[in-house]
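Here is how the chains run, residue by residue.
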Amino acid sequence: MSEEIKNTQEELNDQMQIRRDKLAEYEADGIYPFGQRFIVKDHAQDIKDDFLNYDDQPVVIAGRLMTMRSHGKTAFANIRDLSGDIQVYFRKDVLGEDNYKYVKMLDIGDIVGIEGHVFRTHMGEITVKVDKLTLLSKSLRPLPEKWHGLKDTELRYRQRYVDLIVNPEVRDTFVKRTKIVAKVREYLNNQHFMEVETPMMHAIPGGAAARPFITHHNALDIDIYMRISPELYLKRLIVGGLERVYEINRSFRNEGIDNRHNPEFTMMESYQAYGNYEDVIRLTENIVSYCAKEVLGTTKITYQGTEIDLTPPWNRITMQEGIKKYTGEDFDAVETLEEARAIADRLNVEYGAGDGIGKIMNACFEEYVEENLIQPTFVYGHPKEISPLAKLNREKPLTTERFEAFIYGRELANGFSELNDPIDQKERFEAQLKEREAGDDEAHRMDNDYVTALEYGLPPTAGLGIGIDRLVMFLTDSASIRDVLLFPLMKPEVQQQTESEE
């Protein structure tokens, strides 16, 4: 342990002991330092926004003490509630000597209730003159003095509760997240979609190409899987006659962690009977632009220094056109596997021994095209090989009626005209099984019950999935998915410490 860290810990221990001594003093005076119910009537930002009506009026606020400046018989402090900060003013001659004693015992981080009157100081700052102070919760651990900066990033994610206390911009991100999700719901509800909930534990993981988390049900003595997508259950509901459904909820994928991926994440998936992928293309750009306009007041945002225009209609490009534009290679002219492999070889793109033309084309697209799609762009013309649940394009039978939406080089949404031919679907599942046998553990499993549902009749259906976390990232200018997840998955500190010692 370095001397600097040791000194910091000793200093922290000293401060915590001082706070515990104050705690004992409160208790000795018969004051319960962890408060009771307190009726809050006013909030900091409301008072500042409407000062003319609050001037010289009584208010009751509560919040956390963020700064304290004592001047003998007077003291100023900043109190932070959900809406923001406001200054409060303590006077010994107003509170009385006995009560003013407790003002001097306050620490940064304490949660207090304040009853007082609003006024403006000679410096022009809107302030609450305190008539009564109530301790609601004694903070026994001091807030960190230097919380900002890259070196604290991991600590901020681990101790999000402290991050929210000291960094108002972080709190604002999560307030916006709640508003964004509410606006997604609002838009879909206004389009006559019905919100539903489907199982998170699946006997057969399906709806996406991903590795699932596996758990065990003791009573039934069976392995079950955390869902990788709600897709197949939602389409069963379309079979059942619920013509427009959507779900906003968690999905789970046993994959790596980076600035765009977290093992548990939030998806919005919607399905509408009698539509096709053109309908959900429009739905995608309308949902995103609606959320931006409602939450931010504009459809023109700045993400990581780049201006993005979310105004519909968005750009469109086929996968083949994208590859030709950024590499000069023409997959539209490819007729044999050897020709596809030759293109990949020229582009230094890796492919598997069992990969067909479609997978090779997709690999080239991911390597050379995605990063260039900065403005909102719909990519369509996906090959059948990588789209086992999408309907074939009747004019180009090797491709499907599928699209992906990209912003800033990142996938935001995926949608297609759903495959509703049970015979074709079973054949594609069987082809996926062969890929699993060949070593692709992300290939789709056989779901006989889903095929049975299709045999009863799934109407022509359009499906859409939007990554809510990525949408929030774009609309809050957040660089990492962990910046928009309240509690992202982190390696346990004990494990991390053990590895570092090794």
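Residues numbered from 1 in each chain as written. Predicted model: local features only at pLDDT ≥ 70, side-chain atom pairs only at ≥ 80, totals over all residues. Heavy atoms only, no water.

1. Concerning the packing of aromatic side chains
Definition in use: A pair of Phe, Tyr and Trp rings is counted when the ring centres sit within 6.5 Å of each other, with Trp represented by its six-membered ring. The angle between the planes then sorts it: under 30 degrees is stacked, over 60 is edge-to-face, the rest tilted. Lysine and arginine charges are scored as sitting over a ring when NZ or CZ, respectively, is within 6 Å of the ring centre and within 35 degrees of the ring normal.
Overall, the coordinates contain eleven aromatic pairs when judged by the stated rule. Clustering of aromatic rings is evident, with ring pairs tying together Phe76, Tyr89 and Phe119. Lying across the ring of Tyr233, Arg236 places its NZ or CZ 4.8 Å from the centre.

2. Quick notes on the domain arrangement of the chain
Worth spelling out the cut-off: Segment limits for the domains were obtained from an automatic or database-derived domain assignment. Every residue pair with non-hydrogen atoms within 4.5 Å of one another is taken to be in contact. By buried area we mean the combined loss of accessible area, with a 1.4 Å probe, across both parts when two parts are placed together. Throughout this description, the term salt bridge denotes a Lys or Arg side-chain nitrogen within 4 Å of a carboxyl oxygen of Asp or Glu. A 3.5 Å cut-off defines polar contacts: any pair of N or O atoms within that distance qualifies, except that in protein one atom must be a possible hydrogen donor and the other a possible acceptor, and neighbouring residues in sequence count only when both atoms are side-chain atoms. Polar here means any residue outside two lists: the nonpolar Ala, Val, Leu, Ile, Met, Phe, Trp, Tyr, Cys and Pro, and the charged Asp, Glu, Lys and Arg; Gly therefore counts as polar.
Parsing the chain into structural domains produces domain 1 (14-137) and domain 2 (166-314 + 375-483). Each partner contributes residues to the interface: domain 1 has four residues there, and domain 2 has four residues. Surface buried jointly by domain 1 and domain 2 totals about 300 Å² across both partners, of which 58% is contributed by carbon and sulfur atoms. When residues of domain 1 are sorted by the area they lose upon contact with domain 2, Met66, Arg80 and Leu82 head the list and together hold 93% of the total. Our count for the domain 1 to domain 2 interface comes out at zero salt bridges. At the boundary of domain 1 and domain 2, one finds one residue pair in polar contact (both at pLDDT 80 or more). Partitioned by chemical class, the residues of the side of domain 1 that touches domain 2 number two nonpolar, no polar and two charged.

3. Details of the side chain of Thr299
We apply this condition: Helix and strand definitions follow DSSP, with helices as H or I runs of at least four residues and strands as E runs of at least two, each counted in order from the N terminus.
Tracing the backbone through its elements, the reader meets Thr299 in the loop between helix 10 (277-296) and strand 12 (300-303). Apart from the residues lying within four places of it in its own chain, the contact partners of Thr299 are Ser289, Ala292, Lys293, Ile308, Asp309, Leu310 and Thr311.

4. Description of helix 15 (residues 448-457)
Heads up, the rule is: For every residue, the accessible area obtained with a 1.4 Å probe (protein chains only) is divided by the maximum for its type, and the residue is called buried under 20%, exposed over 50%, and partly exposed between those limits. What the arc measures is the spread of directions leading from the helix axis to the C-beta atoms.
Within helix 15, burial applies to Tyr450, Val451, Ala453 and Leu454. Buried positions in helix 15, seen along its axis, are confined to an arc of 155 degrees and lie on one side of it. Seen from the buried face of helix 15, the exposed residues on the opposite side, beyond 90 degrees, are Glu455 and Tyr456. Residues of helix 15 that are buried make contact with helix 9 (231-239) and helix 14 (422-437). The backbone nitrogen of Asp449 lies 3.3 Å from a side-chain oxygen of the residue at the head of helix 15, namely Asp447.

5. A word on a nonpolar patch on the surface
Short version of the rule: Patch membership is restricted to residues that have no salt bridge and whose relative accessible area is over 30%. Joining uses 9 Å for like charges and 5 Å for the nonpolar side chains Val, Leu, Ile, Met, Phe, Trp and Tyr. To measure how exposed things are, a 1.4 Å probe is used in the Shrake-Rupley method; for residues, cover is taken only from the protein chains shown.
A grouping of Tyr161, Leu486 and Phe487 is seen on the molecular surface, where their side chains present a nonpolar patch of about 350 Å² in accessible area. Assignment of secondary structure puts Phe487 in the loop between helix 16 (468-476) and helix 17 (493-501). For Phe487, a relative accessible area of 59% corresponds to the exposed category.

6. Description of the UniProt feature "binding site: Mg(2+) 1" (unreviewed entry) in the chain
Test applied: UniProt positions are given in the numbering used here, feature names are shortened, and annotations may be inferred rather than shown by experiment.
Under the present numbering, the feature "binding site: Mg(2+) 1" (unreviewed entry) in UniProt falls on Glu404 and Glu411. With respect to the secondary-structure elements, Glu404 resides in strand 16 (residues 402-407). The contact partners of Glu404, leaving out residues within four places of it in the chain, are Thr377, Phe378, Val379, His382, Glu411, Ala413 and Asn414. Here Glu411 lies in strand 17 (residues 410-417). Classification of Glu411 by relative accessible area gives partly exposed; the value is 29%.

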